[in-house]
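Remarks on the overall topology
Chain by chain, the residues run as shown.
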Amino acid sequence: MGQDIDTGSAHSARIYDYIIGGKDHYPADREAGDAMCREWPALPVHMRANRDFMNRAVRHLAEEAGIRQFLDIGTGIPTSPNIHEIAQSASPGARVVYVDNDPLVLRLSQGLLNSTPEGRTAYIEADMRDPASILHAPELRATLDLTQPVALTVIAIVHFMMDEDDAVGIVRRLLDPLPSGSYLAMSIGTAEFAPEEVGRVAREYAARGMPMRLRTLAEAREFFAGLDLVEPGIVQVHKWHPDGAGTEVVRDADIAMYGAVARKP
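The sections below set out a description of the structure shown in this document. (Residues numbered from 1 in each chain as written. Predicted model: local features only at pLDDT ≥ 70, side-chain atom pairs only at ≥ 80, totals over all residues. Heavy atoms only, no water.)

Points about the packing of helix α2 (residues 27-39) against helix α9 (residues 195-207)
- The interhelical angle for the contact between α2 and α9, taken along N-to-C directions, is 160°, at an axis separation of 8 Å. Taken together, the axes of α2 and α9 are roughly antiparallel relative to one another. In this structure, α2 meets α9 at a crossing whose hand is right-handed. Contacts between α2 and α9 involve Ala35, Met36 and Glu39 from the first element and Glu197, Arg200, Val201, Glu204 and Tyr205 from the second. (Axes fitted to C-alpha atoms, helices over the stretch in contact; angles between N-to-C directions. Helix = DSSP H or I, 4+ residues; strand = E, 2+ residues; numbered from the N terminus. Parallel < 35°, antiparallel > 145°, perpendicular 65-115°, else oblique. Left-handed = near helix turned anticlockwise from the far one by under 90°. Contact = heavy atoms within 4.5 Å.)

Re the nonpolar core
- Residues Leu71, Leu152 and Phe224 are the most contacted members of the largest nonpolar core, which totals 36 residues.
- Put simply, the parts of the chain that give this core at least two residues each are β1 (69-73), β2 (95-100), β3 (120-125), α6 (131-135), β4 (151-155), α8 (167-175), β5 (183-189) and β8 (257-263).
- If we skip the residues at most four places from it in the chain, leucine 152 touches Leu71, Ile73, Val171, Leu174, Leu175, Leu178, Tyr183, Leu184 and Ala185.
- Judged by nonpolar contacts, the second largest core, of 34 residues, contains Ala87, Ala94, Ile155 and Met257. (Core = buried A, V, L, I, M, F, W, Y, C linked by side-chain atoms within 4.5 Å. Buried < 20%, exposed > 50% of the residue type's maximum accessible area, 1.4 Å probe, protein only.)

Description of the side chain of glutamine 69
- Among the structural elements, glutamine 69 can be located in strand β1.
- In this structure the side chain of glutamine 69 is engaged in a polar contact, spanning 2.6 Å, whose partner is the backbone nitrogen of aspartate 145.
- If near-sequence neighbours (up to four positions away) are discounted, glutamine 69 is found in contact with Arg95, Thr143, Leu144, Asp145, Gln148, Pro149, Val150 and Ala151. (Polar contact = N/O pair within 3.5 Å; in protein donor to acceptor, adjacent residues only side chain to side chain.)

Regarding the packing of aromatic side chains
- All chains considered together, the criterion is met by three aromatic pairs.
- An angle of 90° between the planes, with centres 5.7 Å apart, marks the rings of phenylalanine 53 and tryptophan 240 as edge-to-face. In this pair, phenylalanine 53 is assigned in helix α3 (residues 43-63) and tryptophan 240 in the loop between β7 (235-236) and β8, connecting sequence segments 187 residues apart. For the pair phenylalanine 53 and tryptophan 240, a shared accessibility class is recorded, and that class is buried. (Phe/Tyr/Trp six-rings, centres within 6.5 Å; stacked < 30°, edge-to-face > 60°.)

Structural notes on unusual backbone geometry
- Between serine 80 and proline 81 the backbone carries a cis peptide bond, its omega angle lying at 0°.
- When you line up the elements, proline 81 lands in the loop between β1 and α4 (83-90).
- Following glutamate 231, the chain continues into proline 232 via a peptide bond in cis, with omega recorded as 5°.
- The residue alanine 156 is not glycine, and still its phi comes out positive at about 50°.
- With respect to the helices and strands, alanine 156 occurs in the loop between β4 and α8.
- Judged by relative accessible area, which is 17%, alanine 156 ranks as buried.
- Of note in this structure, aspartate 166 is not a glycine but carries a positive phi near 60°.
- Examined against the element boundaries, aspartate 166 turns out to sit in the loop between β4 and α8.

Structural measurements only, silent on function.
Below, the structure written as structure tokens:
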């Protein structure tokens, strides 16, 4: 079952789970989340907006773009609705492969595997810094047909990748084997709208061994080079196809994430 779970140190996926109201976290995660929210009280609004963006992007891909296959990188702790639940509500035969390297996500991955009978889900324990380990995993090859379009979803993960990790190159290597008509959906951390507050949150993460690389709009564009952006392009996540479902008023200064969906020509 992979490595042991380090419950004494805060973990980004568990902090996120705690702040958005989940139940799979430990005291170190709660301490970290509380400290971060003191530095930036809008952090829960920002994290919920990111989750809502993912849901809308997947719904758009399944309902409007007709995508039936999804490869989700950096899945995090299962929180319903998960990607397969959204995709399979549009098309019961949709197939999803989830990828994460957190042993707690592996332990909880049964929540990611409750597929419809017509569809299929799989879970791969792998690190996105090693794209080959994902692309050559037997679970991926048994679940997805790479001759047909696939949506690659990379949500709220690349801000934990430093320059030496080459996040743009890694996303490109994951996208390269996917056929024409595939899509990339991403959310990308930025400090452009609340630099002081987000900078303080980033320092809290860094102090716990999780340094962050926040990106400008120009740097976010690099991930989508050569792809056809779906309107309205790269925008703050709450501005991408808003559906009016949210009850809270979201200010631009409360969102530190760009989001976009783009088609591979």
